[in-house]
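Coordinates in review
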Amino acid sequence: GQSLEQPSEVTAVEGAIVQINCTYQTSGFYGLSWYQQHDGGAPTFLSYNALDGLEETGRFSSFLSRSDSYGYLLLQELQMKDSASYFCAVRFSSGSARQLTFGSGTQLTVLP
Amino acid sequence: ETGVTQSPTHLIKTRGQQVTLRCSSQSGHNTVSWYQQALGQGPQFIFQYYREEENGRGNFPPRFSGLQFPNYSSELNVNALELDDSALYLCASSLRAPNTEAFFGQGTRLTVV
């Protein structure tokens, strides 16, 4: 099966930088995705890493090390609106299906 | 705005009843996946449909079933509802290629009483 671990809660102040780590175990691994979800909303795609290294999209960056089964999401210049749950999710193949398995999520609270 | 729409947005059902949830995929997406998200948890994979056939299934009992239609829209049916079925049900559409993102709808909040 698949398993992912990420911290349950992170707190930071506006303007700061925060890193959310994710470790995973899976077979048929394609890549690691990150999603943001505000209370009552849909998960929104943030980034995807299929290869080792850093992907940067504006204030958000994501990193993957396939050999370490590890990735992280880096959020810079934090804003109040970044307060949300962040999920890492592994993309993998199971038979003919390409699936996503999510972690339990990290609740980020941004303080003024 | 992802282009994935789900209906209804909220629903209250009684234990033992049956429910049907609906999802319209983003234009051009041929794969639909359904997830159950309990409060404070990550989405849990229920099943996936590709070209109108079930293409993968998570650890959910047979009373969870689905359909995909020729226009790629989809339904999730749950029979014999239990209290623990209360959750946010999310639909995600994507292309079948592995390195493409999935777009989620806003979800249906199901409450079983």
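Heads up: these notes are all about the structure in this document. (Residues numbered from 1 in each chain as written. Chains lettered and ligands numbered in written order. Predicted model: local features only at pLDDT ≥ 70, side-chain atom pairs only at ≥ 80, totals over all residues. Heavy atoms only, no water.)

Comments concerning the interface of chain A and chain B
Note the cut-off: Throughout, a residue-residue contact means that at least one pair of heavy atoms, one from each residue, lies within 4.5 Å. Buried area adds together the accessible area that both of two parts lose upon being put together, with accessible area traced by a 1.4 Å probe. Whenever a carboxyl oxygen of Asp or Glu lies within 4 Å of a side-chain nitrogen of Lys or Arg, that contact is scored as a salt bridge. Here a polar contact is taken to be a pair of N or O atoms separated by no more than 3.5 Å, where protein atoms must pair a possible hydrogen donor with a possible acceptor and residues adjacent in sequence count only if both atoms sit in side chains. Numbering of helices and strands starts at the N terminus; helices are DSSP runs of H or I of at least 4 residues and strands are runs of E of at least 2. For this scheme, ten residues count as nonpolar: Ala, Val, Leu, Ile, Met, Phe, Trp, Tyr, Cys and Pro. Four count as charged, namely Asp, Glu, Lys and Arg, and the remainder, Gly too, count as polar.
Opposite the 19 residues of chain A that make contact, chain B presents 22 residues. Of the roughly 1,700 Å² buried where chain A meets chain B, counting both sides, 50% is carbon and sulfur surface. Applying the counting criterion to the chain A and chain B interface returns zero salt bridges. Along the contact surface separating chain A from chain B lie two residue pairs in polar contact (both at pLDDT 80 or more). Those elements giving two or more residues to the side of chain A that touches chain B turn out to be β4 (29–37), β5 (44–49), β9 (84–94) and β10 (97–102) of chain A. In terms of residue count, the dominant contributor to the side of chain A that touches chain B is β10(A) (five residues). Here the residues of the side of chain A that touches chain B are counted per class, giving eleven nonpolar, six polar and two charged.

Considerations on unusual backbone geometry
All names here are of chain B. Between Ser7 and the following residue, Pro8, the backbone shows a cis peptide bond with an omega angle of -10°. In this fold, Pro8 is placed in the loop between β1 (5–7) and β2 (10–13). The residue Arg51 is not glycine, and still its phi comes out positive at about 50°. Inspection of the secondary structure puts Arg51 in the loop between β5 (44–50) and β6 (53–57). For Ala80, which is not glycine, the phi torsion reads 45° and is therefore positive. Among the secondary structure elements, Ala80 is positioned in the loop between β8 (74–78) and β9 (87–94).

Some details on the sheet that holds strand β8 (residues 70–75) of chain A
Residue and element names in this part refer to chain A. Stated precisely, the cut-off is as follows: At least two bridges found by DSSP between two strands are what make those strands a pair. Orientation is described by lines fitted to C-alpha atoms, with helices fitted over the stretch in contact, and by angles between N-to-C directions that extend from 0 to 180 degrees.
Read from one edge of the open sheet, five strands run β1-β3-β8-β7-β6, paired in antiparallel fashion. The sheet is open, and its two edges are formed by β1 (3–5) and β6 (53–57), each paired on a single side. Strand-to-strand twist of the sheet, defined as the mean angle between neighbouring strand axes without regard to direction, takes the value 20°.

Side note on the state of the cysteines
One way to say it: the disulfide is the covalent bond shared by the sulfur atoms of two cysteines. The condition that has to hold: For this text, the term disulfide refers to a pair of cysteine sulfurs within 2.5 Å. Exposed residues in this analysis have more than 50% of their type's maximum accessible area, buried residues have under 20%, and partly exposed residues fall in between, with area computed by a 1.4 Å probe over protein chains only.
In total, this model carries two disulfides over all chains according to the counting rule given. Shown here is the disulfide that connects A:Cys22 with A:Cys88, its sulfur atoms set 2.1 Å apart. Looking down the S-S bond of the A:Cys22 and A:Cys88 bridge, the torsion is 75°, so its handedness is right-handed. One end of the pair, A:Cys22, is in strand β3 (residues 18–25); the other, A:Cys88, is in strand β9, with 66 residues separating them in the sequence. A single burial state applies to A:Cys22 and to A:Cys88, both of which are buried. Across the disulfide from B:Cys23 sits B:Cys91; the S-S distance is 1.7 Å. Residue B:Cys23 is found in strand β3 (residues 19–24), and its partner B:Cys91 is found in strand β9; the two are separated by 68 residues along the sequence. In this structure, B:Cys23 and B:Cys91 share a single accessibility class: buried.

Some points on the packing of aromatic side chains
Put simply, the rule reads: By convention, a stacked pair of Phe, Tyr or Trp rings (six-membered ring in the case of Trp) has centres within 6.5 Å and planes under 30 degrees apart, an edge-to-face pair has planes over 60 apart, and any other such pair is tilted. Only when the NZ atom of a Lys or the CZ atom of an Arg is both within 6 Å of the ring centre and within 35 degrees of the ring normal do we say a charge sits over the ring.
Summed over all chains, the structure comprises 14 aromatic pairs over all chains. Between A:Phe102 and B:Phe104, the ring centres sit 5.9 Å apart and the planes meet at 75°, which makes this aromatic pair edge-to-face. Placement of the pair is A:Phe102 in strand β10 and B:Phe104 in strand β10 (residues 103–104), with the two residues belonging to separate chains. When sorted by exposure, A:Phe102 lands in the same class as B:Phe104, which is buried. Here a set of aromatic residues connected by ring pairs shows up, and it is made of A:Tyr35, A:Phe45, A:Phe87, A:Phe102, B:Tyr35, B:Phe45 and B:Phe104. Positioned above the aromatic ring of A:Tyr48 is the side chain of A:Arg91, whose terminal nitrogen or guanidinium carbon lies 3.7 Å from the ring centre.

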